[in-house]
Amino acid sequence: QTQYELQPLSGAGYLLSALQRLLLQGTHAWLEAARADDGCYIAGMDVAGEERADPLSSVRGLGSRQRDSTVITIGRVTFNELHMPGIEVVHQEWWTGRPYLEQYAATLALAEHWSLRALTIDATGQGAGLASLLRSQLGAERVNPFSFSRPSKSRLTHQLLGLINSGRLKIYAREQAPPALAAECWQQLSAARYRLHAPDVVDMYVDAASGHDDFLI
């Protein structure tokens, strides 16, 4: 079962119930910059590959949305009435096919623009090099490489559900965010599914037929 025992996992199905999606929806504003004296900001980064010319792409009919995207999610750390920490997602960046050097430069700029206290980056596979570059530039105390494995992804899934179920993770009000970005984010969250590899090992994913998981991860 998930933390707080609010959602049993007994097979395979959708990751988030209607109630959990309601809990996840916040009323706070989308921001373009950090607010002064407004706590600290942290970020998570799911890394996708850069666009490379494919002479057969027109024949295959491949569109850019068939590619994974890099998504950076920026959150403000908050504390509730019980002094438990939570996260309000206030901004997201969504890049598809952007060259790695551009991703590196843009992420450095975002880290300084938001005065990020911590950046957790997917360091699995193609993200490893970018994570290493960012860590060398921003410092090991600010950049946390995260390597996906079956156990680590299971822990991440339980942590995500625990934050949602306790009302400590909220996403910006949709009407104040870029429409296409907000729509893609919620489409992926609504399509997210789970599967059990073992009694205590759970995986979260979006079926390829339903789209991508860039905003979920």
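Residues numbered from 1 in each chain as written. Predicted model: local features only at pLDDT ≥ 70, side-chain atom pairs only at ≥ 80, totals over all residues. Heavy atoms only, no water.

Visitor: Describe the packing of helix H3 (residues 100-113) against helix H4 (residues 127-138), listing the residues and the values that go with them.
Guide: Where H3 meets H4, the axes come as close as 11 Å, and the angle between the chain directions of the two elements is 35 degrees. Remark: the crossing between H3 and H4 carries right-handed chirality. Contact with H3, carried on its side by Tyr100, Gln103, Tyr104, Thr107, Leu108, Ala111 and Glu112, involves Leu130, Leu133, Leu134, Gln137 and Leu138 of H4 and no other residues of that element. In the contact of H3 with H4, the residues fall into eight nonpolar, three polar and one charged. (Axes fitted to C-alpha atoms, helices over the stretch in contact; angles between N-to-C directions. Helix = DSSP H or I, 4+ residues; strand = E, 2+ residues; numbered from the N terminus. Left-handed = near helix turned anticlockwise from the far one by under 90°. Contact = heavy atoms within 4.5 Å. Nonpolar A, V, L, I, M, F, W, Y, C, P; charged D, E, K, R; others polar.)

Visitor: Can you break down the side chain of Gln92 residue by residue, with the values?
Guide: Its place among the elements puts Gln92 in strand E4 (residues 85-95). By relative accessible area, which is 5% here, Gln92 ends up buried. A polar atom in the side chain of Gln92 sits 3.0 Å from the side chain of Thr73. Here Tyr172 takes part through its side chain, which lies 2.6 Å from a polar atom of the side chain of Gln92. (Buried < 20%, exposed > 50% of the residue type's maximum accessible area, 1.4 Å probe, protein only. Polar contact = N/O pair within 3.5 Å; in protein donor to acceptor, adjacent residues only side chain to side chain.)

Visitor: Mind laying out H4, listing which residues take part and the relevant values?
Guide: Between the first and last C-alpha of H4 there are 16 Å, a value that for 12 residues agrees with the 16 Å anticipated at 1.5 Å per step. Where H4 is concerned, the buried positions are Gly127, Leu130, Ala131, Leu134 and Leu138. When H4 is viewed along its axis, its buried side chains cluster within an angular range of 100 degrees and face the same direction. Buried residues in H4 make contact with strand E2 (41-46), H3, strand E5 (116-122) and strand E6 (143-146). Of the residues one or two after H4, Gly139 is the one with positive phi, at around 105 degrees. (Expected span 1.5 Å × (residues − 1). Arc of directions from axis to C-beta.)

Visitor: Can you lay out the sheet that holds strand E3 (residues 70-79) for me, pointing to particular residues and giving the numbers?
Guide: Pairing within the open sheet is mixed, and its six strands lie in the order E6-E5-E2-E3-E4-E7. Edge positions in the sheet fall to E6 and strand E7 (169-171), since each of these pairs with one other strand and no more. Taken pair by pair, the neighbouring strands of this sheet meet at an average axis angle of 25 degrees, ignoring direction. Pairing analysis gives six bridges linking E2 to E3, with the strands arranged antiparallel. Paired with Ile42 across the strands is Gly75, a residue of E3. Helix-sheet contacts for helix H6 (residues 179-191) involve E4 and E7, and the interaxial angle to E4 is about 115 degrees. (Pairing = 2+ DSSP bridges.)

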